[in-house]
Amino acid sequence: MARSAVADQPVRRGSDYAVLSRRISEAGLLERRPGRYAARIVLTAAFFLAGWAVVVAVGDSWAQLLVAVGMAVATTQVAFLGHDAGHRQMFRRRGPSELAGLLAGNLAVGLSYGWWVDKHNRHHANPNHADEDPDVGGGALVWTYEQAAATPAYLRWLARRQAWLFFPMLLLEGMHLHVASVRALVGRSGGGWRTPMRHRGVEALLLIAHAVGYLGLLFTVMSPAKALAFIAVHQGLWGLYMGCAFAPNHKGMPMPTDSDGLDYLRKQVLTSRNVRGGRFVDVALGGLNYQIEHHLFPNMPRGNLRRAQPIVRAYCAESGVPYAETGLVESYRQALAHLHEVGRPLRG
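Residues numbered from 1 in each chain as written. Predicted model: local features only at pLDDT ≥ 70, side-chain atom pairs only at ≥ 80, totals over all residues. Heavy atoms only, no water.

K.L.:
Can you walk me through the packing of aromatic side chains in this structure?
P.N.:
Each aromatic ring pair is specified by the distance between its two centres and by the angle formed by the two planes. In this structure the tally under the stated criterion is 8 aromatic pairs. An angle of 40° between the planes, with centres 6.1 Å apart, marks the rings of Trp52 and Phe230 as tilted. With Trp52 in helix H3 (residues 34–58) and Phe230 in helix H12 (residues 224–250), this residue pair connects regions lying 178 residues apart in the sequence. Like Phe230, Trp52 is buried. The ring of Trp193 has Arg188 sitting right over it, with the charged end atom 4.4 Å from the ring centre. Geometry around Trp143 places Lys251 over its ring, the cationic atom sitting 4.6 Å from the centre. (Phe/Tyr/Trp six-rings, centres within 6.5 Å; stacked < 30°, edge-to-face > 60°. Helix = DSSP H or I, 4+ residues; strand = E, 2+ residues; numbered from the N terminus. Buried < 20%, exposed > 50% of the residue type's maximum accessible area, 1.4 Å probe, protein only. Lys NZ or Arg CZ within 6 Å of the ring centre and 35° of its normal.)

See below:
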């Protein structure tokens, strides 16, 4: 596993991030872009609603499976808006941000906004930390040798082959997100709620509205067999798209521990990977291809990340901090190589 980039870093220098932050602020890159976001919201919502209009127009036909492919793309783009709302990239105030997040997440996608914000904030606080980052905690996949050694017997077959099964498993990610959302809403522990949420009742009502509207529309417009096939394609490809958008960001990058004593700048940069590409990649990955800049400045509007990159890259070079950037295919290769490596002891 990649450790040298962490081990070679100098003793903590807390002022490094302050200098970079000042340069970014002076460039005006932390200013909200309401006009740009208004246009993005309108276009994404139009794409999403037009997709459902096509579902109604096509009716009881197996051509709906092609529509399901397009709806998987539209759903992911709406989810990206929910991500931006969760980071308050759209609005400075909490109220409008939460409203946008609830509508995009709970109502449109069927994903609990409150659960996701709690989980994602913990990821941002300690990216790639096996004990603190929920995205690399032990589960269906193992990310460290320690997790591999602790894998129960019934999951070892999967862990040994996880690099080969990674993309097929992403086809189940959409359903996993729905189930996790419901569990977060109703789960209790020690006499209280397991997952903190500001609007638990509203979230529950919106998730119910999503489920009723989604299933009601599909089973009204088409036969049960076609509706189930549509759900399988739509949810499977949505999960695959989401996983493919988030996988390049940190998988296969160094996984620091508390003993590394990294400051904020190095904690965020060393564990993140950017993906090269033009405007198409920016749109396809929801701006997450600028993962380093996003982690350093989570509330920076998505449209400013490209402009911030040269400043951040130059400052990292000036400070001797490795700045990882690669192509999309190579990012997947590195992630899969990491998964294959940590499963090696189980194959022996």
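Continuing now.
K.L.:
What's the story with the layout of surface pockets in this structure? I'm lost.
P.N.:
Gaps between atoms show up when a probe of the same size as a water molecule is rolled over them. The space that makes up the largest pocket amounts to roughly 1,300 Å³. What lines the largest pocket is a set of 41 residues, among which Lys119, Pro134, Asp135, Glu173 and His176 lie closest to the centre. Counting only elements with at least two residues in the lining of the largest pocket, the list comes to helix H6 (113–125), helix H9 (162–170), helix H10 (173–186), H12 and helix H15 (291–296). Split into classes, the residues belonging to the lining of the largest pocket amount to 19 nonpolar, 14 polar and 8 charged. Along the wall of the second largest pocket there are 20 residues; nearest its centre are Phe48, Val78, Leu103, Ala104 and Ala108. The set of elements that each furnish at least two residues to the lining of the second largest pocket consists of H3, helix H4 (64–86), helix H5 (94–109) and helix H11 (200–221). (1 Å grid on protein atoms, 1.4 Å probe; cavity = no way out; pocket = protein on both sides within 12 Å on 5 of 7 lines; lining within 4 Å. Points joined across faces, edges and corners; volume = space filled by probe spheres on them. Nonpolar A, V, L, I, M, F, W, Y, C, P; charged D, E, K, R; others polar.)

K.L.:
In this structure, what is going on with the side chain of His295? I would like to understand it.
P.N.:
In this structure, His295 sits in helix H15. Classification of His295 by relative accessible area gives buried; the value is 0%. One polar contact links His295 to His250, side chain to side chain, over a distance of 3.0 Å. Excluding residues that lie within four positions of it along the chain, His295 makes contacts with His123, His124, Pro127, His250, Tyr264, Gln268 and Ser272. (Polar contact = N/O pair within 3.5 Å; in protein donor to acceptor, adjacent residues only side chain to side chain. Contact = heavy atoms within 4.5 Å.)

K.L.:
What am I meant to see in a nonpolar patch on the surface here?
P.N.:
Judged by side-chain polarity, Leu99, Leu103 and Leu107 come together as a nonpolar surface patch covering roughly 260 Å² of accessible area. As for its placement among the helices and strands, Leu107 is situated in helix H5. (Patch = residues over 30% accessible without salt bridge, like charges linked within 9 Å, V, L, I, M, F, W, Y side chains within 5 Å. Areas by Shrake-Rupley, 256 points an atom, 1.4 Å probe, with all protein chains shown as cover. Salt bridge = Lys/Arg side-chain N within 4 Å of Asp/Glu carboxyl O.)

K.L.:
Just to check I follow, could you spell out the nonpolar core for this structure?
P.N.:
Most often, soluble globular proteins keep nonpolar side chains buried together rather than apart. By size, the foremost hydrophobic cluster in this structure holds 35 residues, and its most contacted members are Trp52, Trp115, Leu218 and Phe230. Contact partners of Trp52, with chain neighbours within four places excluded, come to Met71, Tyr214, Leu217, Leu218, Phe230 and His234. If you look at the next biggest cluster of nonpolar residues, it comprises 19 residues, including Leu20, Tyr290, Leu305 and Val321. (Core = buried A, V, L, I, M, F, W, Y, C linked by side-chain atoms within 4.5 Å.)

K.L.:
Help me understand unusual backbone geometry in this model?
P.N.:
Peptide bonds are, in most cases, trans, and in most cases residues other than glycine have a negative phi. Not every positive phi belongs to a glycine, and Arg88 is a case in point at roughly 55°. Checked against the element boundaries, Arg88 lands in the loop between H4 and H5. When its relative accessible area of 31% is taken as the criterion, Arg88 is described as partly exposed. In this structure, Asn128 is a non-glycine residue whose phi angle is positive, near 65°. Judged by relative accessible area, which is 1%, Asn128 ranks as buried.

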